[in-house]
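Working through the structure, step by step
In case you want the letters, here they are:
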Amino acid sequence: MNTTTPRLRLQEICKHFGALQANDHISLDVLPGEVMCLLGENGAGKSTLMNVAYGLYRPDAGEIYVDGVRVTIASPHEAIAHGIGMVHQHFMLVPTLTVAENIILGTRPLFSLRHAGQSMLTKMGAIEQRIAEVAQQYGLKVNPAALIANLSVGEQQRVEIVKALYRGVKLLILDEPTAVLTPQETIELFATLRTFTAAGLSIILITHKLNEVMAIGDRVTVLRDGKVVGQRNIGDTHMHELAELMVGRDVVLNVDKQPAKPGAPALVVEGLTVTGTHKRALLANLTLTVARGEILGIAGVDGNGQRELALAITGVIKPDAGTIRVEGKSIVGQSPRQIAHTGVAHIPEDRQSMGLVLDFSVADNFILKRFDQAPYTRNWLLQPRTILAHAQQLIQLFDVRTSSPQAPAANLSGGNQQKIVLGREIDGQPRVLVAAQPTRGLDVGATEYIHKALLAQRDAGAAILLISTELEEILALSDRIVVLYEGRIVGEVTGDRANTQRIGLMMAGAHTDTLLIRGS
Amino acid sequence: MDILITVQALLQATVRMATPLTFTAVGETYGERAGVVNIGLEGLMLIGSIAAYAVAYFSGSVPLGILAAAITAGVFGLCFGFITITLRANQIITGAALNLIGLGVSSYFYRAMFATVTDRAIQPLQPIQLPVLSSIPLIGPVLFDQNWLVYAALLLAPLAGFVLNKTALGLSLRAVGEHPKATATAGLSVLGLRYGAVVFGAMMAGIGGAFLSVAYANQFVENMVAGRGFVALAIVVFGRWRPMGALWASLLFGFFFALQLRLQTQNLAIPYQFFQVLPYVATIVAMILLRGQSAQPKALGVPYTERA
């Protein structure tokens, strides 16, 4: 094939955690100046493999070569010394330090009499200057004196990249870099990555998004269940083939959706305001309506008030102002429990901390919201047989893969955990369903299942508020879409008129009016 | 002039009483900035005070005693580090155990070594009058007519502040207590930094304890630390996890210790126990006033593992 020495060669890497074989004889080459995409579903072993390459995990077996030389990488320190840098999915930045401090962290001797000047940081100005130069060289805008806590996620990602460049890396690993970005920021990021490869840098991009692979990759390696299931040049493949490789079966990329038949308004929110610490408005005077039988999609970059909106409606946090009505009845000031009994179901964004009690059995999780009512409790006593029968019924209905109804929920995979939450919440035929990030972290199969279930609820007459940072999901399911930015609704589009670019601009804070002006 | 003399004596005692608190709190500030809380300071101070006293008594050298205190407490700190950092045991429980061990060990060795000794007094550290400076009215006697351990404490805080804020080492310490994983991915050793900070903190607590037996008093008394280790913990919070903050807070609490001593000698109609309570009440009041402030390092008290 190619005669150039690969920048990084991973050969027959194996890594297991307990019974799980996360990486099973994985081999991979990355050439200088190319973008290698690592594609796979959650749990396919992508991040594990890259953590091996970055020295965070020790492989059980296998060899690593950098520029043709066999090496062992026992720590991130050694990875950096071999010119390997990594931008983690959850940024590795210290929020209380400045950009410059984060970038130089770990690059200087801690005590050294010979290089005392190196260990002293009295001249931060000069250091900041140098960082600005490195950033400039690659066309990245960062303010070295800014505090990380004050930066947007997009800016933080640039800091992470500059941090790697400052260390002089030759290979940059990016773990799901677009998960936190707006579509426009994604385009900018890809343009930046192209300037890196033009300068000879190699890039490994971890992703589960097919369109990204097609947009930026030179080659792609597909992982499934810890094994390499295919390696392609981007020019020789197409989305459908990659999807099949990734999932292991034919998949329908589009959700089959009938037009909505919206009825009377079921959820009416008016002037909702939630103020956080330091008087910051998390939700500012927000007004929206969801009718029976429709899905209202809330698009937006994570952290723009989605969390507060879901929690305010379900009563977990008390709004500072505004009204929330469910079928005409105000629910502000009621407890989450009362609200749930009014017919408001909630799929919380973090199923593990809010949706389930992980140490409880599957059966007990199914009755979390009604455990003290008949038929589950009679004469102050829990009725184990009824609870078990109920669980068995829902396990079958929602296709929950568990060894037994008595198994702790913690033992189940993310997709099956989410099915427990979904099953519990829609079992009571809710009038309003607040679904926050319902498919976050789930594989294609489970996602498909949840989507179908949400559409079925809609067709059964539920009013669904769908909050998701996955624009694809919003576009696929919603009948109407509103965009949330800094706690405000900055625009609304109907589901069919929606297009990615327009919503993307609104997600970045541009108002619909200005869009019209710019568009003309 | 009577008032002036009283104030001068009170402030002089304030600085003296603040010294063991400053050493201990500055050391603990480092440990906590690195993400490890050691509530066993009381025990470490007791270990320091018995070690310093015993070595000073038998060798005749107080500086040697202070060195022994630092080393002994440092070894105990190393054990604390092994249990909490390497074995990842709960820091609070381990610290509580360290307090009990410190009390037991110090009393045991004191009784074992000094049961038959009748003259237990040593020659404690003497004040060194700094030329010129000590003749400034009021400030001179308060700040510049003290023993060298007091001067060391007054210099330790700004030096520790400089290292924390202006060196690569300090930057790494600040990072590791906030976001250890980020620190690890930047190529630094989380465990190494934490061990260093914990052992340093223990050594400083040892010196703080030593001050009580070989500089403030002239012999060891069982449980002589009398809660100062816990006050130092409060001082770290009160000083907002900054060494200079710890110095100011130590002076404030030192003032209350000095004040209660003075009030006890005034022959007032109030039982002296009420005055003894003063510094501890001040601690509780300070904690209440500071509630809800979030300068605390994010990863404080959380053991670090590479996975997760």
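Structure shown above.
So, how was this worked out
- Residues numbered from 1 in each chain as written.
- Chains lettered and ligands numbered in written order.
- Predicted model: local features only at pLDDT ≥ 70, side-chain atom pairs only at ≥ 80, totals over all residues.
- Heavy atoms only, no water.
- Buried < 20%, exposed > 50% of the residue type's maximum accessible area, 1.4 Å probe, protein only.
- Helix = DSSP H or I, 4+ residues; strand = E, 2+ residues; numbered from the N terminus.
- Core = buried A, V, L, I, M, F, W, Y, C linked by side-chain atoms within 4.5 Å.
- Pairing = 2+ DSSP bridges.
- Axes fitted to C-alpha atoms, helices over the stretch in contact; angles between N-to-C directions.
- Contact = heavy atoms within 4.5 Å.
- Buried area = accessible area lost by both parts, 1.4 Å probe.
- Salt bridge = Lys/Arg side-chain N within 4 Å of Asp/Glu carboxyl O.
- Polar contact = N/O pair within 3.5 Å; in protein donor to acceptor, adjacent residues only side chain to side chain.
- Nonpolar A, V, L, I, M, F, W, Y, C, P; charged D, E, K, R; others polar.
- Lys, Arg positive; Asp, Glu negative; His and termini not counted.
- Expected span 1.5 Å × (residues − 1).
- Arc of directions from axis to C-beta.
- Parallel < 35°, antiparallel > 145°, perpendicular 65-115°, else oblique.
- Left-handed = near helix turned anticlockwise from the far one by under 90°.
- Phe/Tyr/Trp six-rings, centres within 6.5 Å; stacked < 30°, edge-to-face > 60°.
- Lys NZ or Arg CZ within 6 Å of the ring centre and 35° of its normal.

A few words now on helix 10 (residues 306–313) of chain A. Note on helix geometry: an α-helix contains 3.6 residues per turn, so any two residues three or four positions apart are oriented the same way. All names here are of chain A. Within helix 10, seven of the eight residues are buried, which leaves the element mostly enclosed by the surrounding structure. All of the buried residues along helix 10 are Gln306, Glu308, Leu309, Ala310, Leu311, Ala312 and Ile313. After helix 10 finishes, the residue Gly315 shows a positive phi value of roughly 85 degrees.

Attention now moves to the nonpolar core. Among the nonpolar cores identified, the biggest contains 140 residues, and A:Ile161, A:Leu172, A:Leu193 and A:Phe196 are the most heavily contacted of them. The greatest single-element share of this core, amounting to 14 residues, is contributed by helix 9 (residues 190–216) of chain B. Counting 44 residues, the second-largest nonpolar core is a separate cluster that includes A:Ala409, A:Leu433, A:Ala435 and A:Ile481.

Okay, the sheet that holds strand 20 (residues 463–467) of chain A next. All names here are of chain A. Spatial strand order, 16-19-20-13-21-22: six strands in an open sheet with mixed pairing. What marks the edges here is a single partner per strand, and that holds for strand 16 (344–347) and strand 22 (488–494). Across this sheet, the average inter-strand angle for adjacent strands is 20 degrees, counted without regard to direction. Contacts from helix 16 (residues 444–459) reach strand 13 (295–299), strand 19 (432–436) and strand 20, with the element oriented near 150 degrees to strand 20.

Let us look at the interface of chain B and chain A. Contact with chain B, which involves 22 residues of that partner, is made by 27 residues of chain A. Interface area for chain B against chain A, summed over the two sides, is near 2,200 Å², with a carbon-plus-sulfur share of 70%. The tally of links from chain B across to chain A stands at one salt bridge. We note a salt bridge from B:Arg174 to A:Glu101, for which the minimum N-O separation is 3.3 Å. Where chain B touches chain A, the interface holds five residue pairs in polar contact (both at pLDDT 80 or more). Contributions of two or more residues to the side of chain B that touches chain A are made by helix 6 (148–166), helix 7 (168–178) and helix 8 (180–185) of chain B. If you tally residues by element for the side of chain B that touches chain A, the top one is helix 7 of chain B, at seven residues. Residue composition of the side of chain B that touches chain A, grouped by class: ten nonpolar, six polar and six charged.

All names here are of chain A. Pairing geometry for strand 21 (residues 480–485) and strand 22, over six bridges, is antiparallel. Looking at strand 22, one finds that Tyr485 is bridged to Arg488. Once strand 21 ends, the chain turns through two residues before running back antiparallel as strand 22, passing Glu486 with a positive phi of about 45 degrees.

Between side chains of opposite charge, pairing is possible as soon as their charged atoms come close. Residues and elements named next belong to chain A. Within this structure, the stated rule accounts for 27 salt bridges over all chains. The residue Glu327 makes a salt bridge to Arg431 at a minimum N-O spacing of 2.8 Å. Of this pair, Glu327 sits in the loop between strand 14 (321–326) and strand 15 (329–330) while Arg431 sits in the loop between helix 15 (414–427) and strand 19, and the two are 104 residues apart along the sequence. By relative accessible area, which is 31% here, Glu327 ends up partly exposed. Take Arg431: its relative accessible area is 36%, and that puts it in the partly exposed class.

A separate point is the side chain of B:Asp145. All names here are of chain B. Within the secondary structure, Asp145 sits in strand 2 (residues 145–146). Of the side chains with opposite charge, Arg16 lies nearest to the buried Asp145, which makes no salt bridge, at 8.1 Å. Polar contacts involving the side chain of Asp145 include one to the side chain of Gln129, which spans 3.5 Å. Beyond its immediate chain neighbours, meaning those up to four positions away, Asp145 contacts Gln12, Pro127, Ile128, Gln129, Gly140 and Tyr151.

The next subject is the environment of B:Phe23. All names here are of chain B. The residue Phe23 is located in helix 1 (residues 2–33) in this model. Residue classification places Phe23 among the buried residues on the basis of a relative accessible area of 4%. The spatial distance from the C-alpha of Phe23 to the C-alpha of Gly201 is 8.7 Å, given a sequence separation of 178 residues.

Let's shift gears to the environment of A:Ala198. All names here are of chain A. Structurally, the position occupied by Ala198 is in helix 7 (residues 183–198). Under the relative-accessibility criterion, Ala198 is labelled exposed at 70%. Each C-alpha atom of the pair Ala198 and Glu78 lies 26 Å from the other, and the pair is 120 residues apart in sequence.

With that out of the way, let us pick up helix 14 (residues 384–397) of chain A. All names here are of chain A. Its 14 residues place the ends of helix 14 20 Å apart at the C-alpha level, agreeing with the 20 Å of an ideal helix rising 1.5 Å per residue. Every buried residue of helix 14 is listed here: Ile387, His390, Ala391, Leu394 and Ile395. Summarising the axial view, the buried residues of helix 14 lie within an arc of 135 degrees, below the 170-degree limit, and thus occupy one face. Turned more than 90 degrees away from the buried face of helix 14, the exposed residues are Arg385, Gln393, Gln396 and Leu397. On its buried face, helix 14 is in contact with helix 13 (362–366), strand 18 (381–382) and helix 15. The positive-phi residue at the C-terminal boundary of helix 14 is Asp399, with phi of around 55 degrees.

With that settled, the discussion passes to the packing of helix 11 (residues 243–264) of chain B against helix 13 (residues 278–289) of chain B. The packing of two helices is summarised by the inter-axis angle and the distance between the axes. Residues and elements named next belong to chain B. Taken N-terminus to C-terminus, the directions of helix 11 and helix 13 make an angle of 150 degrees; their axes are 8 Å apart at the nearest point. One finds that helix 11 runs roughly antiparallel with respect to helix 13. Once helix 11 is placed against helix 13, the crossing between them reads as right-handed. Side by side, helix 11 and helix 13 meet where Phe253, Phe256, Phe257, Leu259 and Gln260 of the first sit next to Leu278, Pro279, Tyr280, Ala282, Thr283 and Ala286 of the second.

Our focus in this paragraph is the sheet that holds strand 12 (residues 281–291) of chain A. All names here are of chain A. Spatial strand order, 12-11-14-15: four strands in an open sheet with antiparallel pairing. Strands at the two margins of the open sheet, each flanked by one partner only, are strand 12 and strand 15. As paired strands, strand 11 (residues 265–275) and strand 12 are joined by seven bridges and run antiparallel to one another. Each residue of the ladder has a partner; that of Pro265, found in strand 12, is Ala291. Its contacts with the sheet put helix 10 on strand 11, strand 12 and strand 14, and the angle it makes with strand 11 is roughly 120 degrees.

A few words now on the environment of A:Met214. All names here are of chain A. Position of Met214 relative to the elements: it lies in helix 8 (residues 210–216). Along the backbone, Met214 and Asp302 are 88 residues apart, and their C-alpha atoms lie at a distance of 25 Å. Beyond its immediate chain neighbours, meaning those up to four positions away, Met214 contacts Ile234, Thr237, His238, Met239 and Leu242.

Within this structure, the stated rule accounts for 15 aromatic pairs over all chains. Taken together, a centroid distance of 5.8 Å and an interplanar angle of 70 degrees make the contact between B:Phe255 and B:Phe256 edge-to-face. Accessibility expressed as a relative area gives 27% for B:Phe255, which makes it partly exposed. You can call B:Phe256 partly exposed: its relative accessible area is 22%. One aromatic cluster in this structure is built from B:Tyr53, B:Tyr57, B:Phe58, B:Tyr110, B:Phe114 and B:Phe220. Directly above the aromatic system of A:Tyr449 lies the positively charged group of A:Lys419, at a separation of 4.8 Å from the ring centroid.

By themselves, these figures tell us nothing about what the structure is for.
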